[in-house]
Amino acid sequence: MSQGAAAVVAGVRTPFVKAWTALDGVAARELARLVIREIVDRADLSPKEVDEVILGCVSQPAEAVNVARVAALEAGIPRSVPAYTVARNCASGLQALTSACEKIQTGQASCLIAGGVESMSNVPLQFSKAAQRKFMALGRAKIFSQKFAAVFSFRPKDLLSPVEALRCCLTDPVSGLGMGETAELLAKELKISREEQDAFALESHRRAARAWDEGRFRDEVMTLYPAPSHDAVSFDTGIRRDQTPEALAKLEPVFDRKFGTVTAGNSSQVSDGAAALLVMREDKARALGYRPLGFVRAYAYAGCDPARMGLGPVFVVQKLLKQTGVRLADVELVELNEAFAAQAIACERVSSSASLAKRYGLDGAPGELNRERLNPKGGAIALGHPVGASGARLVLTLALEMKRRRRALGLAALCVGGGQGGALLLERK
């Protein structure tokens, strides 16, 4: 390991909370501020040591379009420290981390905070262009007659048919498919049954609940006290401890109501949350007395068919393994984002089958994704998926579990809306 290697020194995240519940009134900039401040405090780090802040965010808020800069300043990072926000759909948080690694590798920085944030509760509704023009006319009206005319120009359809921006965010404009519809496509093509999907989802909840009970999230998750109640929020709120196969089986398909198998119960949850990682050049980390959680060995991104975006992890893992010479069998822990149970199972099948890999245009199959090593603390189906934060969360969860289990090599991977995959190899000495 060179002295210029990128070391993940520390990390923290908020609880991932079901959208429109406890964090409904907390803006993305505040969620990001909280994790930045927390990581500085936990690491006992002078903010002056930070060279740059990079955050991922998919739906950047209008009131803080460069949310990384706003959150950094409000967290007490000096004005002289630059910050920027990146967007690669579900891999935005991972992109923030790999961008930080590039800064270290090229000698541009030695200490950065990287992560991601998403307040899916606060993605706004949008009005039609015609309605927007009428609102603008009302805002520009100076005298009573102008205001009167502007008010009475509105029609019921202007106010009763807002566009759900969140739905737009989760729809690929190239294929025309929503993310859930891409999961349905894979389920049909690979004959993934409803029962298989529900069983995968149930296991995600069980693993997450067990990990919380065993204290394995204690070092990962901070406590929040959101307004107006200021009641403590200390846990991921989407975990269903009492989930049963019978309850999952009763849920109606969401994306193909007649023939579909993808339900709210076997899909990732719409969530609010943020995560941050402290990344340093190895020699700087040692000089400051830190013992890194892990070192970024390599990372990659790959593209695939947008209509089958769920297979992105298979494409990128294949690329990453070729790039590094590592075998999938050598990877001791894997964190794979569970966008949908169907998508995760599809990755398992294609990754281990040469014939299926060839069918989808891959040059060979990467290897078996062993479930004993896969998402040991549960995944996004139970924990939630605040899209801009999930990539950073995967690496944080992986690093802490590798430390606990004393594992040397781990992999974080996720699919990306629009037909991409992102992956990172993390190693410990």
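A. Quick look at the overall build of the protein chain. Counting secondary structure elements, the protein chain contains 16 helices and twelve strands. Against the 2.2 N^0.38 benchmark of 22 Å for 429 residues, the protein chain shows a C-alpha radius of gyration of 22 Å, consistent with a compact globule. Structurally, the protein chain occupies a C-alpha span of about 75 × 55 × 40 Å along its principal axes. Taking all 429 residues of the protein chain together, the buried fraction comes to 57%. Residue pairs in contact within the protein chain that sit at least 24 positions apart in sequence constitute 79% of those at least 6 positions apart.

B. Here's a closer look at helix H8 (residues 179-189). Most of H8 sits out of view: eight of its eleven residues are buried. Among the residues of H8, Met179, Gly180, Thr182, Ala183, Glu184, Leu186, Ala187 and Glu189 are the ones counted as buried. Taken together, the buried residues of H8 touch helix H9 (194-213), helix H13 (341-352) and helix H14 (354-359). Immediately beyond the C-terminal end of H8, within one or two residues, lies lysine 191, with a positive phi of roughly 55°.

C. Seen up close, unusual backbone geometry. Residue proline 228 follows alanine 227 across a cis peptide bond; omega there is 5°. Summarising the element assignment, proline 228 is placed in the loop between H9 and helix H10 (245-249). Residue lysine 191 is not a glycine yet carries a positive backbone phi of 55°. Here lysine 191 falls in the exposed class, since its relative accessible area comes to 69%. Non-glycine residue asparagine 375 carries a positive phi angle of around 45°. Counting through the fold element by element, asparagine 375 comes out in the loop between H14 and helix H15 (380-383).

D. Looking closely at the environment of valine 395. With respect to the helices, strands and loops of the structure, valine 395 is situated in helix H16 (residues 387-405). Valine 395 sits in the buried class, given a relative accessible area of 0%. For the pair valine 395 and leucine 97, spaced 298 residues apart in sequence, the C-alpha to C-alpha distance is 9.1 Å. Apart from residues no more than four positions distant in its own chain, valine 395 is found in contact with Leu94, Leu97, Leu277, Ala412, Leu424 and Leu426.

E. Molecular detail of the side chain of arginine 216. Along the chain, arginine 216 falls in the loop between H9 and H10. What makes arginine 216 buried here is its relative accessible area of 11%. Side-chain polar atoms of arginine 216 contact the side chain of glutamate 401, separated by 3.2 Å. Excluding anything up to four places from it in sequence, arginine 216 contacts Ala211, Pro376, Lys377, Glu401, Arg404 and Arg405.

F. Geometry of the packing of helix H1 (residues 28-42) against helix H2 (residues 67-74). Axis separation between H1 and H2 bottoms out at 8 Å; the angle between their running directions is 50°. One element, H1, and the other, H2, form an angle in the oblique class. Crossing geometry of H1 relative to H2 is assigned as right-handed. Side by side, H1 and H2 meet where Ala28, Arg29, Ala32, Arg33 and Ile36 of the first sit next to Val67, Val70, Ala71, Ala72 and Glu74 of the second. The class makeup of the residues in the contact of H1 with H2 is seven nonpolar, no polar and three charged.

G. Structural view of the side chain of glutamine 243. Residue position: glutamine 243 is located in the loop between H9 and H10. Those residues within four positions of glutamine 243 in sequence are excluded, and the remaining contacts are Leu202, His205 and Leu248.

H. Representation of the nonpolar core within the structure. Within the largest apolar cluster, 48 residues are counted, with the highest numbers of intra-cluster contacts made by Leu311, Val317, Val331, Val350 and Leu411. At seven residues, H13 tops the list of elements feeding residues into this core. Apart from residues no more than four positions distant in its own chain, leucine 311 is found in contact with Leu186, Cys304, Ala346, Cys347, Val350 and Tyr360.

The rules behind these values
- Residues numbered from 1 in each chain as written.
- Predicted model: local features only at pLDDT ≥ 70, side-chain atom pairs only at ≥ 80, totals over all residues.
- Heavy atoms only, no water.
- Helix = DSSP H or I, 4+ residues; strand = E, 2+ residues; numbered from the N terminus.
- Rg over C-alpha atoms; globule rule 2.2 N^0.38 Å.
- Buried < 20%, exposed > 50% of the residue type's maximum accessible area, 1.4 Å probe, protein only.
- Contact = heavy atoms within 4.5 Å.
- Polar contact = N/O pair within 3.5 Å; in protein donor to acceptor, adjacent residues only side chain to side chain.
- Axes fitted to C-alpha atoms, helices over the stretch in contact; angles between N-to-C directions.
- Parallel < 35°, antiparallel > 145°, perpendicular 65-115°, else oblique.
- Left-handed = near helix turned anticlockwise from the far one by under 90°.
- Nonpolar A, V, L, I, M, F, W, Y, C, P; charged D, E, K, R; others polar.
- Core = buried A, V, L, I, M, F, W, Y, C linked by side-chain atoms within 4.5 Å.

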